[in-house]
Amino acid sequence: MAKGTMRYWAAAKAAAGTHEEPYDAATLAEAVAAAAAGEGRGDEFARVVGRSSFLVDGDPVGTRPHASVALPEGGVVEVLPPFAGG
């Protein structure tokens, strides 16, 4: 297991009710599942995060399965919901 920080942006921040929180997970899939299971998290959080893009230490996850994305110790996961504009 690795420990690090998940940062939420825009609608993900609103759905999470916080701008960041710690993770303690081996993979991105585990971190997202743990975050979704957090107190007060419901359908809106799952909907927003399910449509979000992710960066791990600044590198895009892209279409890789989240279970295959190992999280680094002390890393930062950015949760970026879809947005419009420039």
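What comes next is a walk through the structure. Quick caveat, the model's predicted, so the values are computed rather than measured.

**Examining the sheet that holds strand S4 (residues 59–60)**
- Strand order across the open sheet formed by 5 strands is S2-S1-S5-S3-S4, with mixed pairing between neighbours. Each having just a single partner strand, strand S2 (20–25) and S4 make up the two edges of the open sheet.
- By the bridge criterion, 2 bridges tie strand S3 (residues 53–56) to S4 in an arrangement that is antiparallel. Counterpart to Val 56 in the pairing with S4 is Asp 59.

**Considerations on the environment of Ala 12**
- Following the sequence through the fold, Ala 12 ends up in helix H1 (residues 11–16).
- Given a relative accessible area of 0%, Ala 12 falls into the buried group.
- Sequence separation of Ala 12 and His 66 is 54 residues, and the distance between their C-alpha atoms is 17 Å.
- Contacts of Ala 12, omitting those with residues within four sequence positions, involve Val 48, Val 79 and Pro 81.

**Concerning the packing of aromatic side chains**
- What the rule picks out here adds up to 1 aromatic pair.
- Relative to Phe 45, the ring of Tyr 8 lies with its centre 5.9 Å away and its plane at 70°, an arrangement referred to as edge-to-face. Residue Tyr 8 is located in strand S1 (residues 2–8), and its partner Phe 45 is located in helix H3 (residues 43–50); the two are separated by 37 residues in the primary sequence.
- Here Tyr 8 falls in the buried class, since its relative accessible area comes to 2%.
- Judged by relative accessible area, which is 2%, Phe 45 ranks as buried.
- One residue, Arg 41, lies across the ring of Phe 45, its end atom 4.7 Å from the ring centre.

**Remarks on the pattern of salt bridges**
- Tallying each qualifying case throughout the model produces 5 salt bridges.
- Taking the shortest distance from any N to any O, the salt bridge between Arg 41 and Glu 21 comes out at 3.1 Å. Pair noted here: Arg 41 is in the loop between helix H2 (28–36) and H3 and Glu 21 is in strand S2, with a separation of 20 residues, a long-range link.
- Classification of Glu 21 as buried rests on a relative accessible area of 18%.
- We note a salt bridge from Glu 44 to Arg 47, for which the minimum N-O separation is 2.8 Å. Of this pair, Glu 44 and Arg 47 both sit in helix H3, 3 residues apart, roughly one helical turn.

**A word on the nonpolar core**
- Grouped together as the largest cluster of nonpolar side chains are 22 residues, with contacts concentrated most on Met 6, Tyr 8, Leu 28, Phe 54, Leu 71, Val 77 and Val 79.
- Of all the secondary structure elements, the ones that give two or more residues to this core are S1, H1, S2, H2, H3, S3 and strand S5 (76–80).
- In contact with Phe 54, other than residues within four places in its own chain, are Leu 28, Val 32, Val 49, Asp 59, Pro 60, Val 61, His 66, Val 77, Glu 78 and Val 79.

Cut-offs and rules
All residue numbers refer to positions counted from 1 along the written sequence of the respective chain. Given that the model is predicted, a residue must reach a pLDDT of at least 70 before its local features are reported, and side-chain atom pairs must reach 80 or more before they are shown or counted; all residues, however, enter totals for whole chains, interfaces and linings. Computation of side-chain values covers all heavy atoms of the structure but excludes hydrogens and water. A pair of strands is considered paired only if DSSP assigns at least 2 bridges between the two. In DSSP terms, a helix is any run of H or I states spanning at least four residues, a strand is any run of E spanning at least two, and both are numbered starting from the N terminus. Under the scheme applied here, a residue whose accessible area is under 20% of the maximum for its type counts as buried, over 50% as exposed, and between as partly exposed, the area being computed with a 1.4 Å probe on protein chains only. Contact definition: two residues touch when any of their heavy atoms are within 4.5 Å. Centres within 6.5 Å are what make two rings of Phe, Tyr or Trp a pair, Trp counting through its six-membered ring; a difference in plane orientation under 30 degrees is then read as stacked, over 60 as edge-to-face, and the rest as tilted. A ring has a charge above it when a Lys NZ or an Arg CZ is no more than 6 Å from the ring centre and no more than 35 degrees off the ring normal. The working definition used for a salt bridge is a side-chain nitrogen of Lys or Arg within 4 Å of a carboxyl oxygen of Asp or Glu. Only buried residues count toward a nonpolar core, which is a set of Ala, Val, Leu, Ile, Met, Phe, Trp, Tyr and Cys residues joined through side-chain atoms within 4.5 Å.

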